[in-house]
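A structural walkthrough
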Amino acid sequence: MATSEIATNVKEKLEVRYYQLLAFLLLSLANVSSKYTPDWASLDSRITPGWYDDAKIGIFIHWGVFSVPSFSSEVFWESWKSGNCSSCNEFMKRNYKPGFTYQEFASKFSAEFFRPTDWADLFERAGARYVILTSKHCDGYTLFPSKSSFGWNSLDVGPGRDLVLELGTTLRNQTSLRFGLYYCLYEPFHPLWMKDKANQFKTDDFIEGKVLPNLREIVESYAPDILWTDGEWEASSQYWKSTQFLAWLFNESKVKEFVVINDRWGNETRGRHGGIWTGGDRLNPGFVLPHKWENCMTLDKLSWGYRRNANLDDYLSPQELITTLVETVSCGGNLLVNVGPTKDGIIDIIQQERLLEMGEWLKINGPAIYGSAPWREAQNDTVTKGVWYTSNKETVFAFLTFWPGKTVQLGSVNYNADLTIGMLGYGGKLLYEPSSPGIKVHLPKLEGTRSKKILDYGLRIINQDYFCDYGLLKM
């Protein structure tokens, strides 16, 4: 090899090595600069992990000692003891001895029929992509053997089991679903909380003695993909020491790369700070918000926990559930569907049925939901009420929340002779023609589609050049 060739090869190798070192230094600097400081300006700069936006659908589980009385709601203890719930007082007088305490319910919280494999199978068949379990509600009882909740957890009293561990392990081993944990910050009857509140939150005994140890405990023991806090509304994030905890969570914890959080970290943080926006429950604005958000809602319209005295009309119908899903995803939100199991660990038949109906609908319409984004042109149609849009790459989907008959006018879709229009669950192409405004689509007979027994119908509209002009509104 000539001297000049050797010199050229050496030069090329040195250049490659130079760029490798430069890339390494840039990555190192990026890692240094990504260290979050305990203030909202820094913490709010963290981008929500992409898996969450693609997932779209989760299952919320409210389960605990409140599932034993299974009356009124999941905040039964507070409602009863406050004296503001006359039906709660009557219920206790009618069914329990004088002097009966809420703590005595715990021994009846058996989880006798709780089979985590059954739950995992149900949630997967429902089409969910993540699950969030109540690790601790406002009564303070934990579904795991907490070191700071001695004698008031699912291992020490009640089932004698670590319910968080069982469900989380099963979901991760048996399915591809992500596993998250709900944690209620406040406990209205905890002595340390009552003391801090009486001191106008100038003391922090409850935070240091219960909340922060609990939060670190569940992160280190169960590595949740989502940490969903609640019960923050009486005190500021400064009292809760939220920014300090989140800086640790994002910088040092084992879940720092993938964990998703919500916005309930102080009485000033909802819709302003933290992670996904959740509003005041059942958030469904009907338009795109400037931030990733979630509609956490219940199958039982009146309670998050199981109620033995619920009526059929208290539950969402299949159409109400699926329409809520369509409206939510069209506007850039995720849907978190709540179920309330019984004290025995059973998800009752009507809740199972609703979830399975949603799953059957998603088998047909999933391509328009998972990984989708709001359509930049419109979220709901400008002419026909009850039509909602999503988009996925070159395809726009129009959801009809009713069956219009032979035709439907889509006022938001401009006429273009090169459009290809089909219907999810139907094999053929659909004819269309210009209308004023938009287009008129000729629909097949409902009996000839896979959607004939399922409410809310999805149309697929394809034309890459046309829809690239509009683009996706990715959250």
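This is a predicted model, so every value here is computed, not measured.

The rules behind each value
- Residues numbered from 1 in each chain as written.
- Predicted model: local features only at pLDDT ≥ 70, side-chain atom pairs only at ≥ 80, totals over all residues.
- Heavy atoms only, no water.
- Core = buried A, V, L, I, M, F, W, Y, C linked by side-chain atoms within 4.5 Å.
- Buried < 20%, exposed > 50% of the residue type's maximum accessible area, 1.4 Å probe, protein only.
- Helix = DSSP H or I, 4+ residues; strand = E, 2+ residues; numbered from the N terminus.
- Contact = heavy atoms within 4.5 Å.
- Pairing = 2+ DSSP bridges.
- Phe/Tyr/Trp six-rings, centres within 6.5 Å; stacked < 30°, edge-to-face > 60°.
- Lys NZ or Arg CZ within 6 Å of the ring centre and 35° of its normal.
- pLDDT = per-residue confidence, 0-100.
- Disulfide = S-S within 2.5 Å.

**Quick notes on the nonpolar core**
In this structure, Ile61, Phe123, Leu227, Trp240, Phe245, Leu249 and Leu355 are the most contacted members of the largest nonpolar core, which totals 118 residues. Ranked by the residues each element gives to this core, the list is headed by helix α9 (residues 205-222), at eight residues. Each residue touching Trp240, except ones within four places of it in the same chain, is listed here: Leu185, Tyr186, Trp193, Phe206, Ile207, Val211, Leu212, Gly231, Glu232, Ala235, Trp265 and Gly266. In this structure, Ala378, Val387, Ile439 and Leu443 belong to the second largest nonpolar core, which totals 22 residues.

**Comments concerning the sheet that holds strand β4 (residues 226-230)**
Taken together, the seven strands give an open sheet; going across it, the order is β5-β4-β3-β2-β1-β7-β6, and neighbouring strands pair in parallel fashion. Edge positions in the sheet fall to β5 (260-261) and β6 (293-298), since each has one partner strand and no second. Summarising the sheet, strand β1 (residues 57-61) and strand β2 (residues 130-136) pair through four bridges and their orientation is parallel. Residue Gly58 lies in a different strand from β2, and its bridge partner there is Tyr130.

**Some thoughts on the packing of aromatic side chains**
Tallied over the full model, the rule gives 42 aromatic pairs. Look at Trp51 and Tyr52: their rings are 5.9 Å apart centre to centre, the planes differ by 80°, and that puts the pair in the edge-to-face class. Neither Trp51 nor Tyr52 differs from the other in exposure class; each is buried. The side chain of Arg129 reaches across the aromatic face of Tyr370, ending 3.6 Å from its centre.

**Remarks on the confidence of the model for the protein chain**
On average, the protein chain scores 90 in pLDDT, and the residues at 70 or more come to 88%. Note on residues 16-20: pLDDT under 50 across the span, and zero contacts to partners over four residues away in sequence or across chains. Segment residues 464-475: pLDDT under 50, and 39 contacts once partners within four positions in sequence are set aside and those in other chains are kept.

**A look at the pairing of strand β9 (residues 395-400)**
When you tally the buried positions in β9, you get six out of six residues, the bulk of the element. Side chains Thr395, Phe397 and Phe399 of β9 all project onto a buried face; the interleaved residues Val396, Ala398 and Leu400 project onto the opposite face, where all are buried too. Taken together, the six bridges between strand β8 (residues 387-392) and β9 define a ladder with antiparallel strand orientation. Looking at the pairing, Tyr389 lines up with Ala398 of β9. Hairpin connection between β8 and β9: a loop of two residues separates the two successive antiparallel strands, and Lys393 in this loop has a positive phi of roughly 60°. Examined bridge by bridge, β9 and strand β15 (residues 457-462) share six bridges and lie antiparallel to one another. Residue pairing for β15: Thr395 is matched across the bridge by Ile462.

**Here we look at the state of the cysteines**
Under the defined criterion, the tally for this structure stands at one disulfide. Bridging Cys85 to Cys88, the disulfide has an S-S length of 2.3 Å. Of note, the bridge from Cys85 to Cys88 carries an S-S torsion of about 70° and is right-handed in sense. With relative accessibility at 0%, the residue Cys88 sits in the buried group. With no disulfide of its own, Cys138 has Cys184 as its nearest cysteine by sulfur position, at a separation of 5.0 Å. Since its relative accessible area comes to 7%, Cys138 is described here as buried.

**Describing the side chain of Asn262**
Relative to the helices and strands, Asn262 resides in the loop between β5 and β6. When its relative accessible area of 0% is taken as the criterion, Asn262 is described as buried. Not counting the four nearest positions on each side in its chain, Asn262 is found in contact with Leu227, Trp228, Thr229, His273, Gly274, Gly275, Ile276 and Thr278.

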